[in-house]
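# Structural overview for review
Chain residues, written in single-letter form:
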Amino acid sequence: MKYVGEAPQEELATGERPTRNRVARSILDHGPSTVADLAKRVGLTQAAVRRHLDALVSDDVVEAREQRVYGARTRGRPAKVFALTDCGRDAFDQSYDKLAADALRWIADTAGDEALVAFARARMAAQSEKYRAVIEAADPEARTEALARALSADGYAATARSAPGRQQGEQLCQHHCPVAHVAEQFPQLCEAETEFFSSLLGTHVQRLATLAHGDGVCTTFVPRSSPTAPQASQTTHSASASTAGRNPA
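If you're wondering where the values come from, they're calculated on a predicted model, not measured in any experiment.

So, about helix α8 (residues 128-137). By the burial criterion, the buried members of α8 are S128, Y131 and I135. Down the axis of α8, the buried side of the element spans an arc of 75°, and every buried residue falls inside it. Exposed residues pointing more than 90 degrees away from the buried face of α8 are listed as E129, E136 and A137. Summarising the contacts, the buried residues of α8 are in contact with α7 (113-125), α9 (143-153) and α11 (188-201).

A few words on the packing of α8 against α9. Across the interface, α8 lies against α9 with an axial gap of 8 Å and an inter-helix angle of 145°. In this structure, α8 meets α9 at a crossing whose hand is right-handed. Of the residues in α9, those in contact with Y131, V134, I135 and E136 of α8 are R143, A146, L147, A150 and L151. Across the contact of α8 with α9, the residue classes tally to 7 nonpolar, no polar and 2 charged.

The next subject is the packing of aromatic side chains. Considering all chains together, one arrives at 2 aromatic pairs under this definition. Summarising the aromatic geometry, the rings of Y131 and F196 are spaced 5.7 Å apart at their centres and angled 75° between planes, so their arrangement reads as edge-to-face. Of the two residues, Y131 is situated in helix α8 and F196 in helix α11; the sequence distance between them amounts to 65 residues. Neither Y131 nor F196 differs from the other in exposure class; each is buried.

Strand β2 (residues 80-84) sits mainly inside the fold: 4 of its 5 residues count as buried. With 5 bridges connecting them, strand β1 (residues 62-66) and β2 associate as antiparallel partners. Residue V62 lies in a different strand from β2, and its bridge partner there is L84.

Turning next to α11. With 14 residues, α11 should cover 20 Å at 1.5 Å per step; its first-to-last C-alpha distance of 20 Å lies within 8% of that length. Among the 14 residues in α11, 12 count as buried, and that is most of the element. Regarding α11, the residues found buried are Q188, L189, C190, A192, E193, T194, E195, F196, F197, S198, L200 and L201.

Attention now goes to the nonpolar core. For soluble globular proteins, the rule of thumb is that nonpolar side chains tend to be buried together. Counting 32 residues, the largest nonpolar core has L104, Y131, L147, L151 and F197 as its most contacted members. Elements with a contribution of two residues or more to this core: α6 (97-111), α7, α8, α9, β3 (158-162), α10 (180-185) and α11. Membership of the second largest hydrophobic core comes to 16 residues, among which are A24, A39, V61 and V62.

If you walk across this open sheet you meet the 4 strands as β3-β4-β6-β5, and the pairing is antiparallel. Of all strands in the sheet, those bounded by a partner on one side alone are β3 and β5 (206-209). Strand-to-strand twist of the sheet, defined as the mean angle between neighbouring strand axes without regard to direction, takes the value 25°. Two strands pair when backbone bridges link them, and strand β4 (residues 169-174) and strand β6 (residues 218-223) are joined in this way by 6 bridges, in the antiparallel orientation. Paired with G169 across the two strands is P223, which belongs to β6. Against the sheet, α9 engages β3, β4 and β6, with an angle of about 160° to β3. Of the strands in this sheet, β4, β5 and β6 touch α11, which is tilted by about 130° from β5.

Before going further, it helps to spend a moment on the packing of helix α2 (residues 16-30) against helix α3 (residues 35-42). Relative orientation of the contacting elements α2 and α3 amounts to 110°, with a least axis distance of 10 Å. With respect to their mutual orientation, α2 and α3 come out roughly perpendicular. Residue-level contacts link R22, V23, S26, I27 and H30 of α2 to L38, R41 and V42 of α3. When the residues that make up the contact of α2 with α3 are grouped by side-chain class, the tally is 4 nonpolar, 2 polar and 2 charged.

Within the secondary structure layout, T144 lies in helix α9. When sequence neighbours within four positions are dropped, the list of residues in contact with T144 reads A160, E170, L172, L201 and V222.

With that out of the way, let us pick up the environment of Q171. Relative to the helices and strands, Q171 is located in strand β4. Spatially, the C-alpha atoms of Q171 and R207 are 9.5 Å apart, while their sequence positions differ by 36 residues.

Okay, the pattern of salt bridges next. Inspection of the entire model under this criterion finds 8 salt bridges. Residues D29 and R25 are paired through a salt bridge, measuring 3.1 Å at the closest nitrogen-oxygen approach. Of this pair, D29 and R25 both sit in helix α2, separated by 4 residues, roughly a single helical turn. For D29, a relative accessible area of 26% translates into the label partly exposed. Classification of R25 as partly exposed rests on a relative accessible area of 40%. Among the salt bridges present, the one from E195 reaches R121, with a minimum N-O distance of 2.9 Å. Of the two residues, E195 is situated in helix α11 and R121 in helix α7; the sequence distance between them amounts to 74 residues. By relative accessible area, which is 44% here, R121 ends up partly exposed. Beyond isolated ion pairs, a larger network of salt bridges with shared partners links K98, D102 and R105.

Rules of the game
Residues numbered from 1 in each chain as written. Predicted model: local features only at pLDDT ≥ 70, side-chain atom pairs only at ≥ 80, totals over all residues. Heavy atoms only, no water. Buried < 20%, exposed > 50% of the residue type's maximum accessible area, 1.4 Å probe, protein only. Helix = DSSP H or I, 4+ residues; strand = E, 2+ residues; numbered from the N terminus. Arc of directions from axis to C-beta. Contact = heavy atoms within 4.5 Å. Axes fitted to C-alpha atoms, helices over the stretch in contact; angles between N-to-C directions. Left-handed = near helix turned anticlockwise from the far one by under 90°. Nonpolar A, V, L, I, M, F, W, Y, C, P; charged D, E, K, R; others polar. Phe/Tyr/Trp six-rings, centres within 6.5 Å; stacked < 30°, edge-to-face > 60°. Pairing = 2+ DSSP bridges. Expected span 1.5 Å × (residues − 1). Core = buried A, V, L, I, M, F, W, Y, C linked by side-chain atoms within 4.5 Å. Parallel < 35°, antiparallel > 145°, perpendicular 65-115°, else oblique. Salt bridge = Lys/Arg side-chain N within 4 Å of Asp/Glu carboxyl O.

On their own, these measurements won't tell you what the molecule is for.
What follows is the structure in structure tokens.
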């Protein structure tokens with residue numbers, strides 16, 4: 001990661017910048033995090049983590065926000081978490097967002113939205129053989145976790161966990177998306193990815209949140225039920241995806 005913002009020489013000498021990079025990287029890999037969570041993961045005291053977070057906030061690498069709760073909200077004030085800003089995400093990868101956006105806009109303008117949707121689906125289909133092999137090799141109850149591992153291998157920093165509250169299912173969380181900025185303009189990328197997940201897992205899934213819409217993580221709900229025949233056209237999308245999305249790249 002190229003650190004965003006300059007640091008004085010005395011700070012570099014004491015190793016402040018690498019430590020701050022570790023804090024930022026931990027947020028990238030695990031999503032919006034509390035000070036306590038970060039302290040455990042990077043092996044620092046909470047006071048030290050706060051000091052690094054203050055510097056990262058000052059440099060517009062991370063921002064503080066109220067923890068988002070899915071399902072039943074517990075009593076008490078929501079915890080404050082720290083999430084990467086767009087500037088912070090940009091520091092982790094060199095992308096060709098403008099070129100990709102220009103190409104997709106040209107497709108839409110010259111061939112229509114149907115061609116854009118076809119491109120998004122074809123892009124996912126090109127990865128289907130590799131991903132399907134991973135899913136089919138896993139036990140049925142472990143397929144969401146297998147998909148998370150496959151996505152992580154491709155740079156999506158994905159995890160799978162039980163859904164909170166009374167929801168009978170799992171949440172597939174992608175903490176990084178290389179095309180999030182492009183998906184802000186072209187939600188068809190997110191919609192095609194959601195269809196792709198539904199087809200791979202053999203059940204209807206629901207997108208709850210996306211990085212492209214400003215959420216701290218792309219979250220997909222996978223119901224814990226008997227597998228059904230994959231039908232992409234019946235995939236359930238979140239309300240946010242219908243108004244404005246994301247994708248594996």
